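Overview (structure and organization)
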Amino acid sequence: MTTMMRFENDLPGVDIFVCTADPVIEPPMMVINTVLSVMAYDYPPEKLSIYLSDDGGSDLTFYALLEASHFCKYWIPYCNKFKVEPRSPAAYFISLSDQVDANQAEDLVIIKRLYEDMTNRIETASKLGRIPEVRTQHDGFSQWDSFSSRRDHDTILQVLIDGSDPSATDIEGCVLPTLVYLAREKRPQHFHNFKAGAMNALIRVSSKISNGQIILNVDCDMYSNNSQSVRDALCFFMDEEKGHEIAYVQFPQNFENVTKNEIYSSSLRVLSQTGLKYGCPVEDVITGLSIQCQGWKSVYFNPKRKGFLGVAATTLPQTLVQHKRWSEGDFQILLSKYSPAWYGLGRISLGLQMGYCTYCLWAPNCLATLCYSIIPSLCLLRGIPLVSKGELHAYQTRTHKNFSESSDEGHVPPFNSQSLPKQEINQNWFK
Ligand SMILES: O=c1ccn([C@@H]2O[C@H](COP(=O)(O)OP(=O)(O)O[C@H]3O[C@H](CO)[C@@H](O)[C@H](O)[C@H]3O)[C@@H](O)[C@H]2O)c(=O)[nH]1
Ligand SMILES: [Mn+2]
């Protein structure tokens, strides 16, 4: 924290990249809630630029962002005034308890009303599939006139808020962060490389507009849950001793609709000049690995208050597609030029190599898992013992002893004597 205060004036420019790809799977309301949550970071607004990459090339998403560019003029001062957490409006309104401070109540009614009106307009437009009168009021929409399909169109680039324009202020007269919409050019004959392609287009565009030293990447389904995350992550980069070695800071991917932490997620990264790697469905893993192989360090940062919260895949088909992509992608890395097994040799530590290999072997590991689940069942059906008699006897004696000891101490034994042999057999399967 002291480091932060000392360097307040030297804070670097931060460019935040939000990616979206489909207005149906990723509804515009969700996208702008994520955008608003990152626009409201506790960070000097003149040093903050937010870029939305829309691979869906949807005028509905653009319309929603236009609405957000108006709403943020109320939302950001409200967040600052009442130290709001989290700063995604939808998540904030849900988290509110009934008891609100008397001096806040009035402002809350106003902001909630504005949010609901905006939601109605956006949802009506989504339902109708067309944009209301505003279409004629903003010339940005004219870029869709020549739009033939999401796979075949020119670049659509609109600066919705220009942070360097002194008249771009919120209702209190404070400067606003820059806000940019980008649907990169797409042609059927050129492969678009999914998110990696979108991110690299954003790197090129942002370098001409704000050229921030630091890039923060969030998926549109991951809103910021902590207004301090940018400052927190910068502490690692600005550390006087180790800061210069650090390429990226990684936050865990936490989901609102599941309880346990997922394994990896992209959240805050510095990208080298080369940009994100192509040709791999898990661009984040291969890019991270290649950065580390160049000698850079990374930080895994898992603060108590979660930095980002997202929505995990909810249906079985969605989950299967996602897991197939991850396991295939990871296996592809193992066999690629950038394999942690040989490319990583001598470049990264053995522990890190092994860590990467655990994930890269996720797909082939299904064979071992299959054996573990089929063989014992077959053995049991055919009456083939899985443990020798001697082992079983020794085990039963031990079980009995444990059982009496724990009973003597007055504790409830953890398992009953019937279930214990099963536990042991289970363990044997996995040995
Ligand atoms: O052509 C595309 C496809 C996807 N996306 C965006 O990329 C992000 C991730 O895509 P998604 O389909 O939601 O994949 P997930 O499996 O949810 O993403 C996880 O896995 C990806 C691959 O490892 C990482 O890039 C993500 O950060 C990580 O959250 C989303 O914001 C999409 O909008 C694009 O911008 N363009
Ligand atoms: Mn996702």
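Calculation criteria
Within every chain, residues take consecutive numbers counted from 1 along the sequence as written. Chains and ligands are labelled sequentially in the order written, the chains with letters from A and the ligands with numbers from 1. This being a predicted model, a pLDDT of at least 70 is required before a residue's local features are given, and a value of 80 or more before pairs of side-chain atoms are given or counted; all residues contribute to the totals for chains, interfaces and linings. Calculated side-chain values reflect all of the structure's heavy atoms, with hydrogen atoms and water omitted. Where helices and strands are cited, they refer to DSSP runs of H or I of at least four residues and of E of at least two residues respectively, numbered from the N terminus. Partly exposed describes any residue whose relative accessible area lies between the buried limit of under 20% and the exposed limit of over 50%, with all areas from a 1.4 Å probe on protein chains only and scaled to the type maximum. The criterion used for residue contact is that any of the two residues' heavy atoms lie within 4.5 Å. Near is defined per residue: the residue qualifies when any heavy atom it owns lies within 4 Å of the molecule or strand. A 3.5 Å cut-off defines polar contacts: any pair of N or O atoms within that distance qualifies, except that in protein one atom must be a possible hydrogen donor and the other a possible acceptor, and neighbouring residues in sequence count only when both atoms are side-chain atoms. Only the protein chains shown count as cover for residues, and all accessible areas are computed by the Shrake-Rupley method using a 1.4 Å probe. Here the term charged refers only to Asp, Glu, Lys and Arg, the term nonpolar to Ala, Val, Leu, Ile, Met, Phe, Trp, Tyr, Cys and Pro, and the term polar to all other amino acids, Gly among them. A residue's pLDDT is simply how confident the predictor is in it, with values from 0 to 100. UniProt positions are given in the numbering used here, feature names are shortened, and annotations may be inferred rather than shown by experiment. Two rings belonging to Phe, Tyr or Trp (six-membered ring only in the last case) form a pair when the distance between their centres is within 6.5 Å. Interplanar angles under 30 degrees mark stacking, angles over 60 mark edge-to-face geometry, and anything in between is tilted. A side-chain nitrogen of Lys or Arg and a carboxyl oxygen of Asp or Glu constitute a salt bridge if their distance falls within 4 Å. For two strands to pair, DSSP has to find at least two bridges joining them.

**Some words on the overall build of the protein**
Counting its secondary structure elements, the protein contains 14 helices and 11 strands. Among the 431 residues that make up the protein, the fraction classed as buried is 46%. Summarising the internal contacts of the protein: among those between residues at least 6 apart in sequence, 73% fall at separations of at least 24.

**Focus on the site of ligand 1**
What surrounds ligand 1 is a group of 20 residues, the closest being Cys19, Asp55, Gln253, Glu283 and Asp284. Contact between ligand 1 and Asp55: a nitrogen atom at 2.6 Å from a side-chain N or O atom of the residue. Here an oxygen atom of ligand 1 and a side-chain polar atom of Gln253 are 2.8 Å apart. Out of a free accessible area of 680 Å², ligand 1 has 86% covered by protein chains. Here the shell around ligand 1 is composed, by residue class, of 8 nonpolar, 5 polar and 7 charged.

**Comments concerning the confidence of the model for the protein**
Of the residues in the protein, 87% have a pLDDT of 70 or more, and the chain-wide mean is 87. Confidence over residues 407-431 falls short of pLDDT 50; this stretch has 19 contacts with residues more than four positions distant or in other chains. As scored by the predictor, the complex reaches a pTM of 0.86 and an ipTM of 0.97.

**Considerations on the UniProt feature "binding site: UDP-alpha-D-glucose" (unreviewed entry) in the protein**
Annotation from UniProt places "binding site: UDP-alpha-D-glucose" (unreviewed entry) at Glu26 and Asp55. In summary, the annotated positions, though distributed over 30 residues, converge in three dimensions, the widest C-alpha pair being only 11.2 Å. Within the secondary structure, Glu26 is located in the loop between β1 (14-20) and α2 (28-39). Within the secondary structure layout, Asp55 lies in the loop between β2 (48-54) and α3 (59-82). We classify Asp55 as buried; its relative accessible area is 9%.

**Quick look at the packing of aromatic side chains**
Each pair of aromatic rings is reported with the distance of its centres and the angle of its planes. Applying the stated criterion across every chain, the model contains 21 aromatic pairs. Between Phe62 and Trp144, the aromatic rings sit 5.3 Å apart at their centres with planes inclined by 35°, giving tilted as the arrangement. Separated by 82 residues along the polypeptide, Phe62 in helix α3 and Trp144 in the loop between α6 (134-137) and β3 (156-161) bring together distant segments of the chain. Residue Phe62 shares its accessibility class with Trp144, and that shared class is buried. Each ring, one from Phe141 and one from Trp144, has its centre 6.5 Å from the other, and the planes form 40°; the classification is tilted.

**Observations regarding the pattern of salt bridges**
If you walk through the whole model with that rule in mind, you get 13 salt bridges. Across the salt bridge formed by Glu67 and Arg121, the nearest N and O atoms sit 2.8 Å from each other. Within this pair, whereas Glu67 is found in helix α3, its partner Arg121 is found in helix α5 (residues 102-128), the two being separated by 54 residues in sequence. Residue Arg121 is classed as partly exposed on the basis of its relative accessible area, which comes to 39%. Residue Asp152 pairs with Arg187 through a salt bridge whose shortest N-O separation is 2.9 Å. Placement of Asp152 in the loop between α6 and β3 and of Arg187 in the loop between β4 (178-183) and α7 (194-209) is noted, with a sequence separation of 35 residues between them. The class for Asp152 is partly exposed, based on a relative accessible area of 26%. Several salt bridges converge on common partners, so that one network encompasses Asp152, Asp154, Glu185 and Arg187.

**Overview of the sheet that holds strand β11 (residues 308-310)**
With mixed pairing, 3 strands are arranged side by side in an open sheet as β6-β11-β8. The outermost strands of the open sheet, each flanked by one partner alone, are β6 (222-224) and β8 (254-255). With 2 bridges joining them, β8 and β11 adopt parallel strand pairing. Paired with Phe255 across the bridge in β11 is Gly310.

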